[in-house]
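Notes for the structure review
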Amino acid sequence: MKLVAVTACPTGIAHTYMAAEQLERVAKKMGFSIKVETQGAMGIENELEQDEINEAAAVIFAVGITVQKPERFEGKKIFEFSVQEAIKNAEAILNKVKEEIGG
Amino acid sequence: MAAEFRLEFPLPLGLHARPASFIQEKCQDYKGEIIWENQRTQKKADAKSAISLLTTDTQKGDICRVLVSGTGEKKFAAELESFLLKELPLKEEQALKVEPAAAAIIPGVLHGCQEMFLVGQPASQGVAWGKAVVLKKQPGLSELKELMGKQADNPEKEIEVFRQALGSLREEIEKELAEKSGVEKSILKAHQSLASDPGLLRRVEELIEREKLSAAAALVRAVSDFSEELLRSKTQYIRERVADLNDVARRLLEKLGCALDAKKGLEVTEPSVLVAEDLLPSEFLGFQPGQILGLVLEKAGQTSHTLIMARGRGLPAVTGVAEACRLLGSGEEVVVDGNRGVVIISPGEEVRKYYEREREAEVTLKKIRKEKAALPGVTADGKRIEVAANIGHPEELQKAWEDGAEAVGIFRTELLLYGKPALPSEEEQFLLYKRVAEEAGGRPVIIRTFDIGGDKPIPCVKLPQEPNPFLGYRGIRIYREYYELFRSQVRAILRAAGYGKLRLMFPMVALVEEVRWLKDQVKIFEQELEREGLAFSPEIETGIMLEIPSVAMLADKFAPEVDFFSVGSNDLVQYFFAADRGNPLVKYFNQPLNPALLRLLKIAIDRAHENGKWVGLCGELAGDSRLTPVFVGLGFDELSMSSGFIPEVKAVLNHLRVGDCQELVAQTLEASTAEENEKLLEDYYQRQFSPELITPDLVILESDCGSKAEILQELAITFERAGRVGNRAVFEQALWKREQDVATEIGFGLAIPHCQSGTVRTPSIGLMRLRKPVDWQSKEGQPVDLVICLAIPSGEKVRPKLQLLPKLSRRLIHEEFRDSLRQATTPGDVVALIKSAT
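Residues numbered from 1 in each chain as written. Chains lettered and ligands numbered in written order. Predicted model: local features only at pLDDT ≥ 70, side-chain atom pairs only at ≥ 80, totals over all residues. Heavy atoms only, no water.

**Observations concerning the overall build of chain A**
The test is simple: Elements are defined by DSSP. Helices are runs of H or I of four residues or more, strands are runs of E of two residues or more, and each kind is numbered from the N terminus. Computation of the radius of gyration draws on C-alpha atoms alone. For the globule rule, the value is 2.2 Å times the number of residues to the power 0.38. Here the term buried applies to any residue with accessible area under 20% of the maximum for its type, exposed to any over 50%, and partly exposed to those in between, with areas from a 1.4 Å probe on protein chains only. Note on contacts: a residue pair is in contact if any heavy atoms of the two residues lie within 4.5 Å. Using a 1.4 Å probe, the Shrake-Rupley method yields the accessible areas, and only the shown protein chains count as cover for residues. Here Asp and Glu are counted as negative and Lys and Arg as positive; His is not counted, and neither are the chain ends. Charged side chains are reduced to one point each, which is NZ for Lys, CZ for Arg, CG for Asp and CD for Glu.
Scanning chain A from terminus to terminus reveals 4 helices and 5 strands. Start at the N end of chain A and walk to the C end: the helices and strands fall as β-α-β-β-α-β-β-α-α. Expected size for 103 residues packed as a compact globule is a radius of gyration near 13 Å; at 12 Å, chain A falls within 12% of this value. With the principal axes as the frame, chain A shows a C-alpha extent of 35 × 30 × 20 Å. Buried positions account for 50% of the 103 residues belonging to chain A. Contacts in chain A between residues at least 24 apart in sequence constitute 61% of all its contacts with a sequence separation of at least 6. Of the roughly 4600 Å² of accessible surface on chain A, a fraction of 43% belongs to carbon and sulfur atoms. Side chains of chain A carry 12 positive and 16 negative charges; the gap between the two charge centres is 6 Å.

This is how it looks when you write it as structure tokens:
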């Protein structure tokens, strides 16, 4: 199953990247493919291409602020969580996404 | 026929009490009438009365018409105009060193614990702890209605009574003056001049005569009327002067036998925190110094004289605390946090501990500053650069030595002349310079001879009006005409030089022949002294200011004539770029890193050095520690600054290597713009000087902190101690603000408090391990035993250093990395681990 995600938090120097790392780590363990875009103090990094978004089975937002360039995700099924949840319970999040999209 | 002129009022705070009293002073001896008319407010005043002037509500930029009529009206009008435009703004600038009002900062300990506290504005630094004494709110003068209409049938007698009361009050203040010094003295003096204000006195006497009022009733009426006018002013500073007026009025009323019951609330039996709506200056002075621990005021303004005195005494104070008198009870224990602007009521154990730690931190930080001050003026690779202080008055010497000055790089003697009706005699000057030489105890002191003219008009030297005084008759250029002024000063310096190590320096030299003339005169003065049998030092080192570009270009020809040069950067910059430094429209020419200016300095310094002469810098730029590498690279031998900057400049200097600085300067000389050089300097700091993200002094391995508040406080103190943040209170508050968005506990026993704040100087990482896990007050949170604190300066652009923080954040997700941080045995190991992760 292919997933894409965006992480972002108010200061953008810690949680954004921890959540990204955690999602990547746990997804790999669970056998998913995932690409995580970070929107932090460094600006947008590892930016998602429109093709990648289109191909993804679902979009995960792990955010504490508004996502930038939201138009890219129009029409996609979006699962939104807090950054904290992504860091603390990445496995539960991914399981929930998996169940809902029936993957 | 009256003489008149119009002026645009120049002072930023408008025409308030201090300048009004200066104007009164200037005008009072003129035999004739002087009317001040504000064209905006349409109000007229007698310029001989400070209070009357205040009621014109004159703001900066108001067009005022001044009418002088009487003997010599034209001459006096010209004199007054020059006084108002030149001398008055200078006096104001000197007097205005009041910090702007700041908003309250909530101390971390108040987050998440149940304490009662009140918020105001920080008004005087420090923390006080003690019992509150709430002073009864006093009736305003205008509320003394029963007095206002009180009639008297014998006006002559009432006037007599009133004059007696005035006389006795003046005597009383005179006595108090003898016991006071510094700020307190000058405030009492202002009160004394209020008590002699002819406008006020005339008004009172008029009311007695015309309306048959009693002296007390007339006084209350007059003061109420004046107060009302003052309160209508747009300038806060003027509104805040009502307290001074009321103070004097109250004391007068007492003398008139109308005790206002005011003093009753003022009995304090043990050292206490005073809580009041406002405290009049005389009330403040009425307490023994040890009786007051701190002040909590409802509405004293930041510029109120009571607060100025509190700062002078180092008494913590918070003002702007709404309803303080109602909310606080006498006998209640309170903490007054004058650093943050907060008052805590009946503080608990947590608060007590918090402030104990603050006090300890304060002691260490003072020690660090002292250590920096004690550093030698030398680069890391051993080049000696003398770090000196600029002074304007011998009283500043003590602080200069405390701040670590190794010398005085410039003693601006003309400041001694301000406010003096006559020039000081040679003897007077000799005693003063002798005292300076002796107090310096062998440290060199450069005495710069009078630099009068330009922006520095002096009342006792009447210079002609010039269209362009900065390019005109100033500095040594006036010495031929005002020969006696020059002669007496140089003779005094020569005579005093033997009592220490004095050096002589001349301002505004542009031509070699000027130096030759000056030296010839010095020789003549020496011969005179010899003939008169007066002792003097024949071989005084003599130098010139380098503030006119011609001297820089011809430095090799000047060098044989002098012993040293000292760059006056303020004037040099304005002469070099042809841009008036006081004119905001051309302020952008103030570019210390402009390559043209740097080339000019390089030429001058190299030519001086080739001829064996040394070069100092005594302008404002010398105190900017960011520029120190440039000054070292250019080859300056001495840096002289306001002494407050010395510890920081010394600390920077001790880290520099001359070779690196020279390399930097070589690059800056090739640039086209100041902006390019800003970038070069920034890169230099990145390369050479910017500290690592984490250093061992940011690592605390075994902390006993028992609460989140304690942890954040400890981190804030640690970061300030390590020089990473400017103000720990602001940093602590920024960390808390982030915690309030969402707590930064992220599971795994780990919390990552962080912030981006202007008080952070350089991107930094701190780490703290806790002996006992601590609750982080987060929802469903687990206790935390590992804390990693990230700090970023605000407005920080994307820089290599900053990109390391996300890298570290990612690594922290991995258990092995966290474990290794938990197991590291020394701060050095932690630093190495974090470096390996980033």
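**Section: the overall build of chain B**
Across its full length, chain B carries 31 helices and 25 strands. For 838 residues, the compact-globule estimate of 2.2 N^0.38 gives 28 Å, and chain B sits close to it at 31 Å. Principal-axis analysis of the C-alpha atoms places the extent of chain B at approximately 95 × 75 × 50 Å. Every one of the 838 residues in chain B was classed for burial, and the buried ones make up 55%. Across chain B, the centroid of the 110 positively charged side chains sits 1 Å from that of the 126 negatively charged ones.

**Digging into the interface of chain A and chain B**
Note the following rule: Put simply, buried area is how much 1.4 Å-probe accessible surface two parts lose in total, over both of them, once they are put together. By definition, a salt bridge exists where a carboxyl oxygen of Asp or Glu is found within 4 Å of a side-chain nitrogen of Lys or Arg. Polar contacts here mean pairs of N or O atoms no more than 3.5 Å apart (in protein, one a potential hydrogen donor and the other a potential acceptor; neighbouring residues in sequence count only if both atoms are side-chain atoms).
Taken together, the contact between chain A and chain B spans 17 residues of the former and 29 residues of the latter. A combined buried area of about 2000 Å² lies between chain A and chain B, and 67% of that area is made up of carbon and sulfur atoms. For the chain A face of the interface with chain B, the top three residues by lost area are Ile13, Met18 and Met42 of chain A, together amounting to 31%. If you look at where chain A meets chain B, you find 3 salt bridges. Its salt-bridge partner being Glu24 of chain A, residue Arg810 of chain B comes within 3.3 Å of it at the nearest N-O pair. Linking chain A with chain B are 7 residue pairs in polar contact (both at pLDDT 80 or more). Among the elements that line the side of chain A that touches chain B, the one with the most residues is helix α1 (residues 15-30) of chain A, at 8 residues.

**With respect to the UniProt feature "domain: PTS EIIB type-2" (unreviewed entry) in chain A**
Under the convention used in this document: UniProt positions are given in the numbering used here, feature names are shortened, and annotations may be inferred rather than shown by experiment.
Here, the residues flagged by UniProt with the feature "domain: PTS EIIB type-2" (unreviewed entry) are residues 1-99 of chain A. The span residues 1-99 of chain A shows a helical share of 38% and a strand share of 28%, and its end C-alpha atoms are spaced 12 Å apart.

**A look at the sheet that holds strand β2 (residues 32-38) of chain B**
All names here are of chain B. Using the following cut-off: DSSP-based pairing: two strands are paired if at least 2 bridges between them are found. For helices, the fitted line uses only the C-alpha atoms of the stretch in contact; every axis is such a line through C-alpha atoms, and the angle between N-to-C directions lies from 0 to 180 degrees.
Sheet architecture is open: 4 strands sit in the order β1-β4-β2-β3, paired in antiparallel fashion. The open sheet has two free edges, formed respectively by β1 (3-8) and β3 (43-46), since each of these has just one partner strand. Direction aside, the axes of adjacent strands within the sheet are offset by 20 degrees on average.

**Concerning the packing of aromatic side chains**
Residue and element names in this part refer to chain B. For clarity, the threshold we go by: Only rings of Phe, Tyr and Trp enter the pairing, Trp through its six-membered ring, and a pair is recorded when the two centres are within 6.5 Å. The plane angle decides the type: under 30 degrees is stacked, over 60 is edge-to-face, the rest tilted. Over a ring means this: the NZ of a Lys or the CZ of an Arg is within 6 Å of the ring centre and within 35 degrees of the ring normal.
Applying the stated rule across the entire model yields 20 aromatic pairs over all chains. For the ring pair Phe719 and Phe731, a centre distance of 5.2 Å and an interplane angle of 25 degrees mean the geometry is stacked. Here Phe719, found in helix α27 (residues 708-721), pairs with Phe731, found in helix α28 (residues 728-741); they are 12 residues apart in sequence, far enough to count as distant. Phe719 sits in the buried class, given a relative accessible area of 0%. For Phe731, a relative accessible area of 0% corresponds to the buried category. In this structure an aromatic cluster arises from ring pairing among Tyr479, Tyr483, Phe486, Phe506, Trp517 and Phe525. The cationic tip of Lys434 hangs over the ring face of Tyr499; the distance from NZ or CZ to the ring centre is 5.1 Å. Directly above the aromatic system of Trp401 lies the positively charged group of Arg443, at a separation of 3.9 Å from the ring centroid.

**Side note on the sheet that holds strand β13 (residues 386-391) of chain B**
Pairing between sheet strands relies on hydrogen bonds along the backbone, with the strands arranged either parallel or antiparallel. Residues and elements named next belong to chain B. With respect to topology, 8 strands assemble into a closed barrel ordered β13-β14-β15-β16-β17-β18-β19-β20, the strand pairing being parallel. Pairwise comparison of adjacent strand axes, ignoring direction, gives a mean angle of 30 degrees for this sheet. Bridge count between β13 and strand β14 (residues 408-412): 3 bridges; the pairing is parallel. Bridge pairing in β14 links Ile391 to Phe411. Here helix α24 (residues 646-653) sits on the sheet and contacts β13 and β20 (638-641); the angle it forms with β13, its principal contact strand, is near 165 degrees.

**Brief notes about the nonpolar core**
Residue and element names in this part refer to chain B. Keep this limit in mind: Note on terminology: a nonpolar core comprises buried Ala, Val, Leu, Ile, Met, Phe, Trp, Tyr and Cys residues joined through side-chain atoms within 4.5 Å.
Residues Tyr433, Tyr479, Phe506, Phe565, Leu634, Phe636 and Leu639 are the most contacted members of the largest nonpolar core, which totals 93 residues. Looking at which element gives the most residues to this core, the answer is helix α17 (residues 483-497), with 8 residues. Every residue in contact with Phe565, bar those within four places of it in the chain, is listed here: Ile544, Leu546, Val551, Ala555, Phe558, Ala559, Ala608, Lys613, Trp614, Val615 and Gly616. Of all hydrophobic cores here, the second largest spans 82 residues; its members include Val66, Ala217, Leu256 and Phe284.

**Notes on helix α25 (residues 658-669) of chain B**
Our working rule: What a helix should span is 1.5 Å times the count of its residues minus one.
Taking 1.5 Å as the rise per residue, α25 of chain B with 12 residues should run 16 Å; its terminal C-alpha atoms sit 16 Å apart, in good agreement. Inspection of α25 of chain B places Val658, Asp660, Cys661, Leu664, Val665, Thr668 and Leu669 of chain B among the buried residues, and these make up the whole buried set.

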